[in-house]
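Understanding the architecture of this molecule
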Amino acid sequence: MTDLPSWGVAADSPTAEHYRTFGAREAAGSSATYEDWALGIADDGDMLALIDELPRAKRQANLVFAAMRVAGVPITSWTDARGHAISRWPRIREVALTHATQTNEAARCAVLLPQLVRIPGPLALLEVGASAGLCLHPDRYAYRYTADDGTVTAIEPTTPTDVVVDCRIENAAPPTRLPEVVWRGGIDLNPLDPADPDTLAWLDALVWPEHDDRRARLAAAARIAASDPAPIRAGDLNDLIADAAASAPRDATLVVFHTAVLAYLSPEDRERFRRTMADTDAVWLSNEGLGVFPEFERMVPPGERHRFVLAVDGEPVALTHPHGRSYRAL
């Protein structure tokens, strides 16, 4: 018989299972710190009980770990970090309750680009769940695509940039140019200002500890977004999508896109958004994890359940890394 953790929270509880899955699938091979923290918490009844005090939507590992870092929990083994996390729980709880996982990873543009360059331009980009709008500038970043045979294809914007994205591309030819973007806009429940230091500090906390390249890219992309901020409407995407889409210029092709956003919607709201996109003339790029569209799950091998599925107008076209590090055409 399995022993129960000290506060009576079972090791197979939904929260424990979430942390165990996060550590074994998402963090493994990408962040040794978060893998260790997640697997440690999954068997730690005291921490599980504290996390279960939070509303369900606030219990996710990415949010709790970022809040822990803001609260000053050191980047060390879970054995050493545990006492800090428990003693600082009131502050961690406060941060988790007042913030959200608005990870704004500019490198995700690398997995959108192979499809963006296929769409007749010029383009009008509308991002739902835009956060600080860093992914609304794919034409202002540089890219290095490494193909199956090791060949590297480099793409540079006309204006010099400090944002360089490396991406492995498989089963497809890499893009060789950047799209022409003539309009950009966004929707978010809580739009972020890329010029605000507190905003940047929170976005930095959401970057996993070992990912120094992502941290540097965040700062550089924020400077670009702050120099020419795209208008981002505050509110629910289902309520605002029609009006936002109508604001795009009629002589450009409207592209509505999102990454790691629809998982936060209820199944009913997700389906409502899907129907809206089916009824519009926009090109719809969806880059989401498994579970958002259950019918896509059969396309992902068991060992790659951490990947996202990129779809164009509801049709899957590629498996992508959640942080834009790889693109594999289906």
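Before reading further, recall that the structure is shown in the block above.
Presented here is a report on the structure given in the accompanying data block.

Rules and cut-offs
Residues numbered from 1 in each chain as written. Predicted model: local features only at pLDDT ≥ 70, side-chain atom pairs only at ≥ 80, totals over all residues. Heavy atoms only, no water. Buried < 20%, exposed > 50% of the residue type's maximum accessible area, 1.4 Å probe, protein only. Helix = DSSP H or I, 4+ residues; strand = E, 2+ residues; numbered from the N terminus. Arc of directions from axis to C-beta. Pairing = 2+ DSSP bridges. 1 Å grid on protein atoms, 1.4 Å probe; cavity = no way out; pocket = protein on both sides within 12 Å on 5 of 7 lines; lining within 4 Å. Points joined across faces, edges and corners; volume = space filled by probe spheres on them. Nonpolar A, V, L, I, M, F, W, Y, C, P; charged D, E, K, R; others polar.

Within the sequence span of helix H8 (residues 197-206), burial applies to Thr-199, Trp-202, Leu-203, Ala-205 and Leu-206. All buried residues of H8 project into a common sector of 155° when viewed along the axis, lining one side.

The next subject is the pairing of strand E11 (residues 326-329). Two faces belong to every sheet, and in a regular strand the side chains alternate between them. Sheet topology note: the strand E4 (residues 164-170)/E11 ladder contains 3 bridges and is parallel. Within E11, the position partnered with Arg-168 by the bridge is Ser-326. In the sheet, strand E10 (residues 315-320) pairs with E11 via 3 bridges, with the strands oriented antiparallel. Bridge assignment links Leu-319 to a residue of E11, and that residue is Arg-328. Counted along the chain from E10 to the antiparallel partner E11, the turn is 5 residues long, and its residue Gly-324 has a positive phi close to 80°.

For the second largest pocket, the calculated volume is near 320 Å³. Lining of the second largest pocket is provided by 15 residues; of these, Ala-245, Ala-246, Leu-254, Asp-281 and Ala-282 occupy positions nearest its centre. Looking at the lining of the second largest pocket, the elements with two or more residues in it are helix H10 (237-246), strand E7 (253-259) and helix H11 (267-278). Among the elements that take part in the lining of the second largest pocket, H10 stands out by supplying 4 residues, more than any other. Looking at the lining of the second largest pocket residue by residue, the class counts come to 11 nonpolar, 2 polar and 2 charged.

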